[in-house]
Amino acid sequence: MVYESAPRTVRIILLGEPGVGKTSLILSLVTEEFTEHVPAKAEEITIPADVTPEQVPTNIIDVCLSEQTLEQVAEEIEKAHVICIVFSVDKQETLNKVASYWLPFIRDNCPDDYRKPVILVGNKIDLIDYSVIDNIWDIAEEYPEVDRCIECSAKTLTNVSEMFYNAQKAVLHPIGPIYSIEDQE
Ligand code: GTP
């Protein structure tokens, strides 16, 4: 019997504190321009394979806590292949919440033996003139599912397509041990 192999797709979800720019990042990617007024939550977007660098159809899912329950967010995490936690580089409290809230929340909603890759996304770099990457090494050490970190700006379009490309790559070419393999006898 011949089985048709399932089509490869990458499902990317964007999480993070309100106002960090999740919806703006998605809309900047799609429209290639920054719009000041964006809806609270972007519709689910499918990018066709032929316009993605990895030639894989890619679904992008926005999360908005004022429109969704935590239960619905948890369901979206379960369906996703890769999770982008967005924080705002000019608001330390949004980075604090990455480790104190979002990474534990993701772990609570993923099976113990399978950790989905997480990308930490520092948005709004147009507002500062220094890098915050040094502040995230401790987080990455504590949470090995953190696969990559990237700084970007939805406003100036800096690193926006790179961010989504990195999310694709984290699924298709993982760098770190994202599977926590039990000791084998
Ligand atoms: P919620 O829907 O509340 O979860 O927010 P969100 O994370 O989707 O943020 P949203 O895209 O609505 O952006 C919040 C505010 O930040 C808006 O006023 C945006 O115009 C602004 N913003 C988003 N990205 C950037 C950026 O890269 N630079 C600057 N300067 N402002 C940005």
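One can find the structure itself at the top, above this paragraph.
First, a word on scope: everything that follows refers to the structure included in this document.

Cut-off values and rules
Throughout, residues of each chain are indexed from 1 in the direction in which the sequence is written. Given that the model is predicted, a residue must reach a pLDDT of at least 70 before its local features are reported, and side-chain atom pairs must reach 80 or more before they are shown or counted; all residues, however, enter totals for whole chains, interfaces and linings. Hydrogens and water molecules were not included; the side-chain quantities draw on all heavy atoms of the structure. Each residue is placed in one exposure class: buried if its accessible area under a 1.4 Å probe, protein chains only, is under 20% of its type's maximum, exposed if it is over 50%, and partly exposed if it falls in between. To qualify as a helix, a DSSP run of H or I must reach at least 4 residues; to qualify as a strand, a run of E must reach at least 2; elements of each kind are numbered from the N terminus. Note: two strands are recorded as paired if DSSP finds a minimum of 2 bridges between them. Axis definition: a line fitted to C-alpha atoms, over the contacting stretch in the case of helices. Angles run 0 to 180 degrees between N-to-C directions. In this description, contact between two residues means that some pair of their heavy atoms is separated by no more than 4.5 Å. Note that the arc is defined by the directions from the helix axis to the C-beta atoms. Positive residues here are Lys and Arg, negative ones are Asp and Glu, while His and the chain termini are left out of the count. Any Lys or Arg side-chain nitrogen located within 4 Å of an Asp or Glu carboxyl oxygen qualifies as a salt bridge. For this analysis, a polar contact is any N or O atom pair within 3.5 Å, provided that within protein one partner can donate a hydrogen and the other can accept it, and provided that sequence-adjacent residues contribute only side-chain to side-chain pairs. Left-handed describes a crossing whose near helix is turned anticlockwise from the far helix by less than a right angle; the clockwise case is right-handed. By the convention adopted, Pro, Cys, Tyr, Trp, Phe, Met, Ile, Leu, Val and Ala count as nonpolar, Lys, Arg, Asp and Glu as charged, and the other residues, Gly among them, as polar. In this text, buried Ala, Val, Leu, Ile, Met, Phe, Trp, Tyr and Cys residues form a nonpolar core when linked through side-chain atoms within 4.5 Å.

## Structural notes on the pairing of strand E4 (residues 82-88)
For E4, the buried fraction is high: seven of the seven residues fall into the buried class. Relative to E4, strand E1 (residues 10-16) runs parallel, the two sharing five bridges. Bridge pairing in E4 places Leu-14 opposite Cys-84. Pairing geometry for E4 and strand E5 (residues 118-123), over six bridges, is parallel. Following the sheet pairing, Cys-84 is matched in E5 by Ile-119.

## Some remarks on the sheet that holds strand E6 (residues 146-151)
Here we have six strands laid out as an open sheet, ordered E2-E3-E1-E4-E5-E6, and mixed in their pairing. Looking at the sheet topology across the chains shown, the edges are occupied by strand E2 (45-47) and E6. The sheet shows a mean angle of 20 degrees between the axes of neighbouring strands, taken without regard to direction. Where helix H1 (residues 22-31) meets the sheet, it contacts E1, E2, strand E3 (58-62), E4 and E5, and its direction lies at approximately 145 degrees from that of E3.

## Quick look at helix H2 (residues 70-79)
Since the α-helix packs 3.6 residues into each turn, any two residues three or four apart lie on the same face. Regarding H2, the residues found buried are Val-73, Ala-74, Glu-76 and Ile-77. Down the axis of H2, the buried side of the element spans an arc of 160 degrees, and every buried residue falls inside it. Away from the buried face of H2 by more than 90 degrees, exposed residues Glu-71 and Glu-78 are located. Residues of H2 that are buried make contact with E1, E3, E4 and helix H3 (92-108).

## Quick word on the side chain of Asp-62
By the element assignment, Asp-62 lies in strand E3. Buried charged residue Asp-62 carries no salt bridge. Nearest counter-charge: Lys-22, at 5.7 Å. Within the structure, Asp-62 has its side chain in polar contact with the side chain of Thr-23 (distance 2.6 Å). Side-chain polar atoms of Asp-62 contact the backbone nitrogen of Ala-42, separated by 2.7 Å.

## What about the packing of H2 against H3?
Helices that pack against each other are described as a pair by the angle of their axes relative to one another and the distance between those axes. One way to put it is that H2 packs onto H3 with a least axis distance of 10 Å and a crossing angle of 65 degrees. H2 and H3 meet at a crossing whose hand is right-handed. Residue-level contacts link Leu-70, Val-73, Ala-74 and Ile-77 of H2 to Tyr-101, Phe-105 and Ile-106 of H3. A breakdown of the residues in the contact of H2 with H3 according to their chemical character gives seven nonpolar, no polar and no charged.

## A few points about H1
Extensive coverage of H1 is indicated by the burial of seven of its 10 residues. Listed in full, the buried residues belonging to H1 are Lys-22, Thr-23, Ser-24, Leu-25, Ile-26, Ser-28 and Leu-29. Those residues of H1 hidden inside the fold are in contact with E1, E2, E3, E4, E5 and helix H5 (160-172). Residue Glu-32 follows H1 closely and has a positive phi angle near 60 degrees.

## A look at the nonpolar core
One finds Leu-15, Ile-77, Ile-85 and Leu-120 to be the most contacted residues of the largest nonpolar core, which totals 29 residues. Those elements giving two or more residues to this core turn out to be E1, H2, E4, H3, E5 and helix H4 (137-142). The greatest single-element share of this core, amounting to six residues, is contributed by H3. Discounting residues that sit within four places of it in the chain, Leu-120 has contacts with Ile-85, Phe-87, Val-98, Ile-136, Ile-139, Val-146, Arg-148, Cys-149 and Ile-150. By size, the runner-up hydrophobic cluster in this structure holds 25 residues, among which are Ile-12, Leu-29, Ile-60 and Cys-84.

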